[in-house]
Amino acid sequence: APCRSVLTVACEQTEVLLFDPISSKHIKTLSEAHEDCVNNIRFLDNRLFATCSDDTTIALWDLRKLNTKVCTLHGHTSWVKNIEYDTNTRLLVTSGFDGNVIIWDTNRCTEDGCPHKKFFHTRFLMRMRLTPDCSKMLISTSSGYLLILHDLDLNKSLEVGSYPILRARRTTSSSDITSSGSSGPRAVGSPCHQNNSGPLSEKTLSRPSQREGGSPRNSLEVLTPEVPGERDRGNCITSLQLHPKGWATLLRCSSNTDDQEWTCVYEFQEGAPVRPVSPRCSLRLTHCIEEANVGRGYIKELCFSPDGRMISSPHGFGIRLLGFDAHCSELVDCLPREASPLREIRSLYSHNDVVLTTKFSPTHCQIASGCLSGRVSLYQPKF
């Protein structure tokens, strides 16, 4: 929680566990929080939090009354994997393996749920994140694409064919990225859905909604991020996180043959393209490191520290603390001209099974990690 008074743990079965992160005491178990695996937990404020599950639902909970849910949200048709929250508009944003990103209006929440609408759809969706200022939405796919919605407007629903596309480095041609028709063939691994009957034209890309000197609202950029060692075989982006100051994105990638894993950091390069059809390339690979690739097939969730100076990454039966240099400098103070290796600051091993997730406390010098067998470990530095 933002106030650090509680640590919530999403479990593979139907449970949510609550701990006091300072004393390590178990507070409560929500034994039937969902009807299937609990995948993600997001605090909306110091007392209200949301959970999502493979049972296709999202549940809202209040720490002051945990015996019953505030409400259950129905709208997805497959496993729900991600929850984001815009504190300015109080809009909840979720994504699932049905390929849908759905917006929920928590301002008008009742016991029966919240008003909602489908915001975006893409194939092979894995993870979805909002930048800290909610100006961008990033979506990763199992086919190796990274989608960026620029100048984000969550109040504007993106129907099929309603968003302009900005071409980018290392993507295929626009005719390969988009569908050739609602009933025609679709390119293998294509992440986007459009209704246009042919390749995108300059007229299609240049829309009246475009503002002078910038891109249109909700303009879509399609990237295939550069990953070391995976230039020919392709990769799956399994984990996606954002720098707390919005400077960079952090990806965990595995090869399509599942024999290599990488942690990569990409700097955001701001600025609109000169023309709507010119290449944009908003991300640049700055740092990377090869991972142990223990526990093949399982997704490992990594994270930034609250100040953005360190990365905590699952590594076999433990975690590694990684920095941009040996002094844990700010990313902006040690940007290399070419991609450089992340520096290992320290390794922590306390599990008897593969570590799948790790998280820094938002306010305290503490790290939590969770492994496949259900053990949760808490770490604090010794001064």
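These numbers were taken from a predicted model, which means no experiment stands behind them. (Residues numbered from 1 in each chain as written. Predicted model: local features only at pLDDT ≥ 70, side-chain atom pairs only at ≥ 80, totals over all residues. Heavy atoms only, no water.)

Peer 1: Any details on the overall build of the protein? Residues and values, ideally.
Peer 2: For the protein, the count of helices and strands is two helices and 28 strands. Scored against the burial criterion, the 383 residues of the protein give a buried share of 55%. Taking the intrachain contacts of the protein between residues at least 6 apart in sequence as the baseline, contacts between residues at least 24 apart amount to 53%. Just so you have it, the protein exposes about 17200 Å², and 48% of that area is on carbon and sulfur atoms. (Helix = DSSP H or I, 4+ residues; strand = E, 2+ residues; numbered from the N terminus. Buried < 20%, exposed > 50% of the residue type's maximum accessible area, 1.4 Å probe, protein only. Contact = heavy atoms within 4.5 Å. Areas by Shrake-Rupley, 256 points an atom, 1.4 Å probe, with all protein chains shown as cover.)

Peer 1: Describe the pattern of salt bridges, naming the residues involved and giving the relevant values.
Peer 2: Side-chain pairs of opposite charge can arise whenever the charged atoms involved come near each other. Considering all chains together, one arrives at 17 salt bridges under this definition. A salt bridge links Asp54 to Lys81; the nearest nitrogen and oxygen atoms lie 3.3 Å apart. One end of the pair, Asp54, is in the loop between strand S5 (48-53) and strand S6 (57-62); the other, Lys81, is in strand S8 (residues 80-86), and 27 residues separate them in sequence. Each member of the pair, Asp54 as well as Lys81, is classed as buried. Glu261 is paired through a salt bridge with Lys300; the nearest N and O atoms lie 3.4 Å apart. Of this pair, Glu261 sits in strand S19 (residues 261-268) while Lys300 sits in the loop between strand S20 (283-290) and strand S21 (303-304), and the two are 39 residues apart along the sequence. (Salt bridge = Lys/Arg side-chain N within 4 Å of Asp/Glu carboxyl O.)

Peer 1: Help me get a handle on the sheet that holds strand S3 (residues 26-30), residues and values and all.
Peer 2: Spatially, S1-S2-S3 is the arrangement adopted by the three strands of the open sheet, whose pairing is antiparallel. Single-partner strands in this sheet number two, and they are strand S1 (7-10) and S3. On average, adjacent strands in this sheet sit at an angle of 20° to one another, irrespective of strand direction. Bridge count for strand S2 (residues 16-19) against S3 is four bridges, and the pairing is antiparallel. Bridging from a neighbouring strand, Phe19 pairs with His26 of S3. (Pairing = 2+ DSSP bridges. Axes fitted to C-alpha atoms, helices over the stretch in contact; angles between N-to-C directions.)

Peer 1: Lay out the packing of aromatic side chains with the relevant residues and their values.
Peer 2: One pass over the structure, following the stated rule, counts three aromatic pairs. Ring centres of Trp79 and Phe97 lie 6.0 Å apart, and the angle between their planes is 35°; on these two criteria the pair is classed as tilted. Residue Trp79 is located in the loop between strand S7 (71-74) and S8, and its partner Phe97 is located in the loop between strand S9 (91-96) and strand S10 (100-105); the two are separated by 18 residues in the primary sequence. Counting every residue linked through ring pairs, the aromatic cluster contains Phe43, Phe49 and Trp61. Taking NZ or CZ as reference, Lys81 lies 5.2 Å from the ring centre of Phe97, over its face. (Phe/Tyr/Trp six-rings, centres within 6.5 Å; stacked < 30°, edge-to-face > 60°. Lys NZ or Arg CZ within 6 Å of the ring centre and 35° of its normal.)

Peer 1: Tell me about the UniProt feature "repeat: WD" (unreviewed entry) in the protein, residues and numbers included.
Peer 2: According to UniProt, the positions carrying the feature "repeat: WD" (unreviewed entry) are residues 31-64 and 73-105. Across residues 31-64 one finds 0% helix and 53% strand; the C-alpha atoms that close the span lie 17 Å apart. With 0% helix and 64% strand, the stretch residues 73-105 has end C-alpha atoms that lie 11 Å from each other. (UniProt positions renumbered as here; feature names shortened; annotations may be inferred.)

Peer 1: Give a detailed account of unusual backbone geometry, specifying residues and quantitative values.
Peer 2: At Ser24, a residue that is not glycine, the phi angle is positive and equals roughly 65°. According to the relative accessible area criterion, Ser24 is partly exposed, its value standing at 44%. Phi at Phe124 takes a positive value of approximately 60°, unusual for a residue other than glycine. Relative to the elements of secondary structure, Phe124 occurs in the loop between strand S11 (116-121) and strand S12 (125-130).

Peer 1: Summarise the environment of Leu348; cite the residues concerned and give the values.
Peer 2: Its place among the elements puts Leu348 in strand S25 (residues 343-349). Sequence separation of Leu348 and Pro314 is 34 residues, and the distance between their C-alpha atoms is 9.7 Å. Apart from residues no more than four positions distant in its own chain, Leu348 is found in contact with Gly318, Ile319 and Tyr379.

Peer 1: Requested: an account of the sheet that holds S20, with residues and values cited.
Peer 2: Read from one edge to the other, the open sheet built from five strands follows the order S17-S18-S19-S20-S24, with strand pairing classed as mixed. The outermost strands of the open sheet, each flanked by one partner alone, are strand S17 (235-242) and strand S24 (340-341). Sheet topology note: the S17/strand S18 (residues 248-255) ladder contains seven bridges and is antiparallel. Paired with Gln241 across the bridge in S18 is Leu250.

Peer 1: Now, about the nonpolar core: what can you tell me, with residues and values included?
Peer 2: Counting 19 residues, the largest nonpolar core has Val93, Val101, Phe119, Phe120, Met137, Ile139 and Leu154 as its most contacted members. At three residues, S12 tops the list of elements feeding residues into this core. Counting residues domain by domain, this core receives three or more from each of domain 1 (33-120) and domain 2 (121-169 + 216-285 + 327-340). Every residue in contact with Met137, bar those within four places of it in the chain, is listed here: Val93, Val101, Phe119, Met128, Arg129, Leu130, Leu147, Ile148, Leu149, Leu152 and Leu154. (Core = buried A, V, L, I, M, F, W, Y, C linked by side-chain atoms within 4.5 Å. Domains from an automatic or database assignment.)

Peer 1: Summarise the environment of Ser143; cite the residues concerned and give the values.
Peer 2: For Ser143, the position within the fold is in the loop between strand S13 (137-141) and strand S14 (146-150). A relative accessible area of 27% places Ser143 in the partly exposed class. Placed 93 residues apart in sequence, Ser143 and Cys236 show a C-alpha to C-alpha distance of 5.6 Å. At 3.0 Å, the side chain of Ser143 forms a polar contact with the side chain of Thr141. (Polar contact = N/O pair within 3.5 Å; in protein donor to acceptor, adjacent residues only side chain to side chain.)

Peer 1: Can you lay out the confidence of the model for the protein for me, pointing to particular residues and giving the numbers?
Peer 2: With 80% of its residues at a pLDDT of at least 70, the protein reaches an overall mean of 82. Model confidence for the protein, summarised as mean pLDDT per element, is weakest for helix H2 (residues 202-205) at 28 and strongest for strand S23 (residues 318-323) at 97. Counted against residues more than four places away or in other chains, residues 192-213, with its pLDDT under 50, gives 54 contacts. (pLDDT = per-residue confidence, 0-100.)

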